Amino acid sequence: MQREKLLTTGLYGPGEYFSKKMANILWIDTATETGTVALVQEKTCIGWWEYKIEKSHARLITPMIQQIVKDCGLTMKDLNAVAVSGGPGSYTGLRVGVSTAKGIAMALNIPLIALSSLEYIALSLIPFAGLSDAWICPMIDARRMEVYCACYDQSGNETVAVHAKIMEDNPFEDILNQHKIIFTGDGAEKCKSLLSFHPNAWIIPERIHAPERLAAKLSAFFEAGRFEDLVTYEPFYLKNFVATTSTKNKLLT
């Protein structure tokens, strides 16, 4: 049976903040099973929808975008940029999100902004990291015992580059001997039994929402003109896609 769960929704005064002079940025994240669309206006998140419905990004993302734009008192033509979570993450999810974002950007002749999926997850924990003098390690489930991960310091600067890591006994031991690390994301949830071996490892598997930090980051990218080439931009898959063939219900020959 399909598991469906609408997680959160937030509207901040539909139309209340609208001004033709303000930059309206649409945010799309389909890098994991959880999908998010948001509207940022002048460093403020004015609308936020999130859902967790298995294998549903292709079906839901466009209607969700249309609905949030309408609920915030805008039209698609009022958008000044579209931003997307660009990977790493689910191969299919990234293709859906990036294709949707590029299509909107091309149709409206507006720029495309890309933000690392791991950096997006880490943004919400920057205040906690600052208070506890810890690094942040967002993890995205890459199937089996592998995760996509990176590390960021209390200011959000990357300290360990994005990579795919096979989780074995005592992972990150060298770093944990020198730093407290907050592990977060669905990869941390999957591997929490392997991470809890060290007193410097803190695990916050559930995603903490920080719309204001996302708004500030996207607005900074927009003001700095950090845009992607609409023709050549591709998601950061990190690993090549490997198709698998189901072994169920095969006819014996």
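Structure: see above.
Here we summarise the structure given alongside this text. None of the values given here were measured: they were computed from a predicted structure.

### Topic: the environment of Ala-210
Residue position: Ala-210 is located in the loop between strand S11 (201–204) and helix H8 (211–224). The exposure class of Ala-210 is buried, given its relative accessible area of 10%. Considered as a pair, Ala-210 and Ser-124 are 86 residues apart in the sequence and their alpha carbons are 4.9 Å apart.

### Some details on the pairing of strand S9 (residues 158–166)
As paired elements, strand S8 (residues 146–152) and S9 share 6 bridges and run antiparallel to each other. The residue bridging Cys-151 from the neighbouring strand is Val-160, located in S9. Connecting S8 to the next strand, S9, in antiparallel fashion are 5 residues, including Gly-156 with a positive phi near 85 degrees.

### Examining the nonpolar core
Trp-27, Leu-115, Leu-214 and Leu-218 are the most contacted members of the largest nonpolar core, which has 30 residues in total. In terms of residues, this core owes the most to one element, helix H3 (residues 117–123), which gives 5 residues. Beyond its immediate chain neighbours, meaning those up to four positions away, Trp-27 contacts Thr-36, Val-37, Ala-38, Ala-83, Val-84, Ser-85, Leu-115, Tyr-120, Leu-214 and Leu-218.

### Regarding helix H1 (residues 57–71)
Helical geometry: 3.6 residues make up each α-helical turn, so side chains three or four residues apart lie on a common side. Its 15 residues give H1 an end-to-end C-alpha distance of 20 Å, which sits within 8% of 21 Å, the value for a rise of 1.5 Å per residue. Of all the residues in H1, the buried ones are His-57, Leu-60, Ile-61, Met-64, Ile-65, Ile-68, Val-69 and Asp-71. On an axial view of H1, the arc spanned by its buried residues comes to 160 degrees, and they lie on one face. Set apart from the buried face of H1 by more than 90 degrees, the exposed residues are Gln-66 and Lys-70. Immediately downstream of H1, the backbone of Gly-73 shows phi near 75 degrees, a positive value.

### Observations regarding unusual backbone geometry
The step from Gly-87 to Pro-88 runs through a cis peptide bond, and the omega angle for that step is 0 degrees. Locating Pro-88 in the fold gives a position in the loop between strand S5 (81–85) and helix H2 (91–108). A positive phi angle, near 55 degrees, is found at Asp-133, a position not held by glycine. Checked against the element boundaries, Asp-133 lands in the loop between helix H4 (126–132) and strand S7 (134–141). Asp-133 sits in the exposed class, given a relative accessible area of 57%.

### Quick look at the pairing of strand S3 (residues 34–41)
Across the 8 residues that make up S3, a large majority, 8, are buried. Side chains Thr-34, Thr-36, Ala-38 and Val-40 of S3 all project onto a buried face; the interleaved residues Gly-35, Val-37, Leu-39 and Gln-41 project onto the opposite face, where all are buried too. By the bridge criterion, 6 bridges tie strand S2 (residues 24–29) to S3 in an arrangement that is antiparallel. Bridge pairing links Trp-27 to Ala-38 in S3.

Basis of the calculations
Residues numbered from 1 in each chain as written. Predicted model: local features only at pLDDT ≥ 70, side-chain atom pairs only at ≥ 80, totals over all residues. Heavy atoms only, no water. Helix = DSSP H or I, 4+ residues; strand = E, 2+ residues; numbered from the N terminus. Buried < 20%, exposed > 50% of the residue type's maximum accessible area, 1.4 Å probe, protein only. Pairing = 2+ DSSP bridges. Core = buried A, V, L, I, M, F, W, Y, C linked by side-chain atoms within 4.5 Å. Contact = heavy atoms within 4.5 Å. Expected span 1.5 Å × (residues − 1). Arc of directions from axis to C-beta.

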